[in-house]
Structures are given as C-alpha cells and as structure tokens.
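If you want the building blocks of each chain, they are given just below.
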Amino acid sequence: MRNLLKVARWEIKRNLKNRSFLIGLFITPAILFGFMLLGNVFDDSDHREDPTVVYVHDKLGIFDHIRKTVDQHQLNWKMKETDIREAEVETKLKSEERTAYIFLDDRALEEGLIPVYTSEEMEPAFMQQIHVLEFPIQTMKMEQLGLSAEEQAAMSQKVHFKESTAAEEEGTAMGGDPLKRALPGGFAGILLLSIVFSGMYIFQSASQEKKDKIAEIILSSVTPGELMQGKILGYFVLGILQAVTILGFAVPMANWKLDIPILEYLLVPEILLYVLIAVLGYLLFSALYVGVGASMADITSTNNFQGMVMMLPFLPFIFISPVIRDPSGLIAQIGTFIPFTSPGVLLLRLSILEEWPWIEIFIALAVLSVSIYIFMKLAGKIFKTGILMYGKNATPKEIWRWIRT
Amino acid sequence: MEPILRVSHLSKTFKDKKVIDDISFEVRKDEIMAILGPNGAGKSTTIRNIMGIMVPDEGSVSFLNDRNIPRHKIGYLPEERGLYKNVKVMDILLYLADLKDVPRKKAKSRALDYLRKFDLVGMENVSVEELSKGMGQKVQFIAAILHEPELLILDEPFSGLDPVSQELFKDEIRQLAADGTGILLSSHQMNLVEEICDRLFLIHRGQKVIDGSMDDVKRRYANFKCTIRGKNEIHQLKELPDVQRVDEKDDNTFILYLSKHVHISRWLRQFPEHVDIDEMSVDRISLHEIFIDIATREQHLDQEEGVTYA
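Quick caveat: nothing in here was measured; it's all calculated off a predicted structure.

Reading the values: rules and limits
Residues numbered from 1 in each chain as written. Chains lettered and ligands numbered in written order. Predicted model: local features only at pLDDT ≥ 70, side-chain atom pairs only at ≥ 80, totals over all residues. Helix = DSSP H or I, 4+ residues; strand = E, 2+ residues; numbered from the N terminus. Buried ≥ 20, exposed ≤ 12 C-beta atoms within 10 Å, placed from the backbone. Pairing = 2+ DSSP bridges. Axes fitted to C-alpha atoms, helices over the stretch in contact; angles between N-to-C directions. Contact = placed C-beta atoms within 7 Å. Domains from an automatic or database assignment. Core = buried A, V, L, I, M, F, W, Y, C linked by C-beta atoms within 7 Å. UniProt positions renumbered as here; feature names shortened; annotations may be inferred. Nonpolar A, V, L, I, M, F, W, Y, C, P; charged D, E, K, R; others polar. Right-handed = clockwise from strand over helix to strand, strands pointing away.

A. Fine view of the overall build of chain A. When its secondary structure is counted, chain A shows 19 helices and four strands. Each of the 405 residues in chain A was classed as buried or not, and the buried ones make up 30%.

Have a look at this one:
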C-alpha cells in the first residue's frame, strides 16, 4: 500500500512538472471556453455598437443618482439630460432610432407615473431595463414622505421579502427545470471525460516505461500490482485536477455570462451517484489502458487489436442520439448494461429522465463493478509480463497466454 | 562465511526450451561473485529469478536463509536499463531511493556525494534526456547503490562504458565489496571480470560449466599454450610431446595447447630442430580464451580435462 502511494505520488509530481501536461491541463478548458467567448463577442458586438440613447427631463434633481444606478447595472445606455417639452417629443422621435425620453417630475412622486416615450425601433428589453430606475425613485419618494432611515430600510426590506417569495414560487415551479438534472449530469460527464482522457496518459505512461526501459529497475522495489495500481490512482488524481480546472473556468463563466448559479445546481444529493458512475467508468477504462499500454512496444506501434481496445471508451457516442430520442427505450437500456457504454449512457439517461429507473441503475452498477474486477485482474496479468517485454509488441495470442497463466 | 544469497537447483523453461537448468551457487558477504557466459547462456534469466521478477519452475532462492527476498536490502542494475526521460536526475534518484525507504534528506546527500564521485557535479538538475549514454549508466549505477544495499546485483554493468568509466565502476564495486556488500555480477567481458571477481560461475546453454574461486579456476583450466610463427605442417606440430591440440591461426601461425602437467623449461629443451621458428611465445590460457573455448568448442576442454560437464 505504501509503495502504491509512492508510485501514485511520483506519477502526479512527474506530470505536474511536465510542460506538455501543464499546457494540456489549461488548454483544454481554455479552448472550450475560448469558443464560447468568441460566440459571445460576436453576439455582444451587435448590442454594443449602438447604445440606447436615453434623454432624461429631470425636474426632481436625481439624474446623477439614476446614472449611477444605470452604470451599476451595466446597461448599454447613453444618458443625456434634456429640457425638451413633452409635446415636442413625438415629432422628434420620428426621425430617431433607439432613443427614449423619460420625464421625471411630480407625477412620479404623486401618482407613481413616469412617462416614457420611445422611438419605433427599440431594443425589446428596454422596458424591462427601465425598471432599475424604480429603486432610486422609490427612495426619493420615501424621503419626501419623511420616513426615517430605519423606516426606509424596513421598506426596502419588505421589497426584498416580496422578491424572495416570488423567487420561491419560481423554485417550486422549477420542477420541470431541465437544468436541475442536466447540469449535474453534464458535470459528471466532464468528470468522466477528463478522467478518461487522463486515463489515456496511463496508457502512454505504461508504454513509455517500456520504451525507457526503466520498468525492471522499478520492479526491483515494488510489485507489478503496486506499480499498476499506483499509476491508476495517480492518473485518477490528475484527472480530477483536470475536471477541477475545467470547473474553475466554467463556474465563473456561467455565473458571469449566463447568470446561472452553477454551484447551487451542483450541490445536490444526486451528484454523488453521478460521481460514483464517473469513477467506476474511469476504473474500467484505466484497467483497459494500462493493460494495452503494457502490451505495446511504443505509442506508434499499435496493432488493430490494441487500436480497437483503445476506442472502446468512445463507444457511448453512438448511443447519444437514440438515448436522447428515447431515454427509456430498448437501445438506452442495452447501452446501460454493456460495461463499456454503461457509464456514458447512464449519465446521459439520468440527466434527461424525470423518474430514475432505480432497478436498472443498480443492475448497471453491479455490471460495472464486476467488469472492473475482471478487467483489473486481466490487466494485472498482462501488465506483469508485458511491461518487461522491451521493444516488443505483444500479439493477441501472447496476451491470451499471459492471461491464462 | 555465511552466504548472503543462496541459489539452489534453479530451473526455468520458456515454451519448450529449458533456459536455465539446475543452477546452484552462493554469494557471500565481502566478495564479488561473477556469473559468466556467452549471450543467451541464461545469466539474465538467473538474475531475474533471483530478483523475483520471474518465478522459477524449480529450485529456490534465499536471502540470509529467508525465502522472502527483502527488496530494499538489494540493489539491482538490470541488463536492459534506462531512466524516465523527461525528469531531472535528482528527482529520479530521490524517487528510486524513496521506493527503497531511504529518508529523503539522507538520499539527497548521498546522491550528491555519488554524483561528485562519478564526475557528474552540477548535473542533479539536468533532465535525463540531456545525459550522454555513459552518464545515464552512471546515474543508474548510483540509483542501485544509493540505499546501501547488503547485496548488489549487477547485470552486465560494464556494457556500453568507455574504459575510463569502466575503471571507475570497477573501483567502486571493489570498494563496496571491501565495505561488506555481497556482489553478484554478470558479464561476458572476461578481462574485466578477471581483474575484480573473487569467484566465478560459468554458465553455457543454461547449465553450469565451471565454478570456483578465480585462483582455483585458473589453476585447473588455465594451461600453457605456445604460439609459433613459421613454415610448419600442422600434423608435425601435433606429434610434439604434451601437445593436446593445435589451432591454425593463419598460414604461418599455430597455437599449441599443452597438457596440464607439462614442465615448460623441460618441454622447451626437448624442442625438435626441424620445427621452423620465426617467432615463439609461451603463456597461460586467459579466462577469455577459456570462455571462448567453452562457448564455441566446449568439447575440447572436455577432452583435455576429462571433466564431464553437467
């Protein structure tokens, strides 16, 4: 056990000091979100080119106050003061685009009415955006009514209270919110993908060990089992690190760009099952990779058999569209029970399905666990002999012989 | 003296071929024991069986009478060896020492000492891929002895080394033995082994051919030979007294292998006049020649000595 941890620690340290690993670690999420940002930039450019011009006829003397509020909300407004009379506005607006006139006078305080005139062509969100002005005007109204600071605070608190009840109602209505299941599912998908990708490093590491001819030196201190398990553990940690790095980009991005509080969606009990499935998937694929890596002379010399085994983790992709079309259908169920597709298909189904098929989940977990046990045993046998066959690519016949002994 | 390593009746078969057959020997503290043999004789297989990297079909290996081989007390330099390429020299040394349970601080100071000793000062932060082949060999050697093993197993330690590095390795191996380490080394370079080993075990086609102390082996097998340059007929030379065998090196050069109990000065006095001699030399057969002889024509030694090889 101690040697296992030593090997794992070494693999982690070695990769964290390796330039290409570090580049990969940050480039993967950077590329992912780079594209997202790029889309946003194009998207934004439409809005940003033309700000909405908002003329304020301010008789209450709160223009500065309002401008601050607008800045705080980062509204794409260009604000100007004006002395124009209300009667002239309509004729003026006929010749203008994306322009609004707001009249702040006693009517706002007495009747709660603020006349707003907009040009024919106007951003659709403008009438919602304008509600941010409510708060400064309300504040002023309260001051006028002679409320003390505490009373004002109480009033604003009341407003907050109302808002929160409104949000709660929304929450219960959110039973059909697709994000509730999809986000944790997507998270587990990222987790699975990144640990499977780092699992591919295992394969590289095992075949590199052969190429560098260091395996025999290492095996004079540890058993082949410890070396193999140490590698699997080490790359598991590196995979988690990759997932955390991606999340480190994703969570702030989503909060900023999409205004989705990702963490709230993620910190739910269901996530435990998702993570369990992802971890089981990793263990299965890492057993495959470590076995194949040990049977190969080097990365360039894969034969057809090894190539096929290498592609197994990508098998779930062919299930994606049938599963999305019918998450409880026969194909989805078949995919759930085949060990190599089980993690991917199960994650996809659980993210879509409203009601979880618990019996199928348990059978799938059992199938996965048994397969992991069998493949770890097989990988152990292949690894033990294969890792010392320097410069030789094992044939399926040889591999079969190692497995039988 | 109590043997530190005892190998008894080791056998291993690959497919249908017996790669080693009934091999038994001991390695004692303070001594250098050599396993010799041509390529494919079974040296590395024997060593891999000792290290537990292979499991023997028959026979046993024990370390201080214990069947469980304590890996951290053994240093091992395999024949096929290398190091991780993209790591620093010190990092790999510390990792290998850590696997042998050496405390980090001690490992570091010992590593620096050895790097200095092997002319690798300042190389600790260099990446392994930047080292020359010889430097890499030195780092591997350091890794094998960093944890002060009680038994050091070196499989072809001199292969690929330049003469200067060979000397360095020889000195260090001698020093380790003098300090009490039991050393088992394999080689096919007889001249190097002849200089440093105390006992030897010659193996051919998986079987024991000769074993014993160096002096003993020389006494038993290193007979005299006489090299003559001159125009002679091979059958004439064969008829000379005490000549067991004659090899024709080229047209004019013949090597006469003499019998074990020949008295050289008496033999020379009786030398017939009709033999044409341009040049003549008499010396003992070297370990190298014994080895070549065994590897190529083991039947000759067999006939001469009347020894039956197992």
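B. Region of the structure containing unusual backbone geometry. All names here are of chain B. Even without glycine at this site, aspartate 30 takes up a positive phi of about 65°. With respect to the helices and strands, aspartate 30 occurs in the loop between β2 (17–28) and β3 (32–36). Of note, the phi angle at asparagine 65 is positive, near 65°, even though the residue is not glycine. For asparagine 65, the location among the structural elements is in the loop between β4 (58–63) and β5 (74–77).

C. Seen up close, the sheet that holds strand β2 (residues 77–81) of chain A. Residue and element names in this part refer to chain A. Sheet architecture is open: four strands sit in the order β2-β1-β3-β4, paired in mixed fashion. The sheet is open, and its two borders are formed by β2 and β4 (116–118), each paired with just one other strand. Taken pair by pair, the neighbouring strands of this sheet meet at an average axis angle of 20°, ignoring direction. Strand direction decides the pairing type here: strand β1 (residues 52–58) and strand β3 (residues 99–104), joined by six bridges, are parallel. Residue pairing in the sheet places tyrosine 55 in a bridge with tyrosine 101 of β3. Contacts between helix α3 (residues 63–72) and the sheet are confined to β1 and β2, with β2 contributing the most and set at about 180° to the helix.

D. Expanded view of the domain arrangement of chain A. The domain architecture assigned to chain A consists of domain 1 (52–161) and domain 2 (178–404). Taking only C-alpha atoms into account, the centre of domain 1 of chain A sits 57 Å from that of domain 2 of chain A.

E. View of the sheet that holds strand β6 (residues 151–155) of chain B. Residue and element names in this part refer to chain B. As summarised here, the arrangement of the six strands in space is β5-β6-β7-β3-β8-β9, forming an open sheet in which the pairing is mixed. Sheet topology places β5 and β9 (207–213) at the edges, where each strand pairs with a single neighbour. The sheet shows a mean angle of 15° between the axes of neighbouring strands, direction not considered. Here four bridges tie β3 to strand β8 (residues 199–204), and the two strands are oriented parallel to one another. In the sheet register, isoleucine 35 faces β8, and the bridge partner there is phenylalanine 201.

F. Geometry of the pairing of β3(B). All names here are of chain B. Buried residues dominate β3, accounting for five of its five residues. The two faces of β3 match: Ile32, Ala34 and Leu36 on one face and Met33 and Ile35 on the other face are all buried. Here β3 pairs with strand β7 (residues 182–187) via five bridges, running parallel. Counterpart to isoleucine 32 in the pairing with β7 is isoleucine 183.

G. Representation of the nonpolar core within the structure. Ranked by internal contacts, the top residues of the largest apolar core, which has 132 residues, are Val290(A), Ala34(B) and Leu93(B). Discounting chain neighbours no more than four positions away, the residues touching Ala34(B) are Leu185(B), Ser187(B), Val193(B), Cys197(B), Leu200(B) and Phe201(B). Residues Val70(A), Ile102(A), Leu104(A) and Ala108(A) belong to the second largest nonpolar core, which totals 13 residues.

H. Structural context of the UniProt feature "transmembrane region" (unreviewed entry) in chain A. Residues and elements named next belong to chain A. With numbering matched to this structure, UniProt assigns "transmembrane region" (unreviewed entry) to residues 21–42, 182–203, 232–251, 271–292, 304–324, 330–350 and 357–376. Helix makes up 100% of residues 182–203 and strand makes up 0%, while its end C-alpha atoms are separated by 31 Å. Across residues 271–292, the secondary structure splits into 100% helix and 0% strand, with the terminal C-alpha atoms separated by 31 Å.

I. Region of the structure containing the interface of chain A and chain B. Across the contact, 16 residues belong to chain A and 20 residues belong to chain B. If you list the elements that add at least two residues to the side of chain A that touches chain B, you get α1 (2–16) and α10 (215–219) of chain A. No other element matches α1(A), which puts four residues into the side of chain A that touches chain B. Classifying every residue of the side of chain A that touches chain B gives seven nonpolar, four polar and five charged.

J. Layout of the domain arrangement of chain B. Entries for chain B in the domain assignment read domain 1 (3–213) and domain 2 (223–284). Taken over C-alpha atoms, the centre of domain 1 of chain B sits 42 Å from the centre of domain 2 of chain B.

K. Focus on the UniProt feature "domain: ABC transporter" (unreviewed entry) in chain B. UniProt records the feature "domain: ABC transporter" (unreviewed entry) at residues 5–230 of chain B, using the numbering of this structure. Counting secondary structure, residues 5–230 of chain B comes out at 34% helix and 30% strand; the distance between its end C-alpha atoms is 52 Å.

L. Geometry of the pairing of β6(B). Residues and elements named next belong to chain B. Of all five residues that make up β6, five are buried, and the element is covered over most of its length. Side chains Leu151, Ile153 and Asp155 project from β6 onto one buried face, and the interleaved Leu152 and Leu154 project onto a second face that is buried too. Strand direction decides the pairing type here: β5 and β6, joined by four bridges, are parallel. By the bridge assignment for β6, glycine 75 is matched with leucine 152. Bridging between β6 and β7 involves five bridges; their strand directions are parallel. Along β7, the bridge assignment pairs leucine 154 with leucine 185. Between the parallel elements β6 and β7, the chain passes through helix α5 (residues 163–178) in a crossover that is right-handed.

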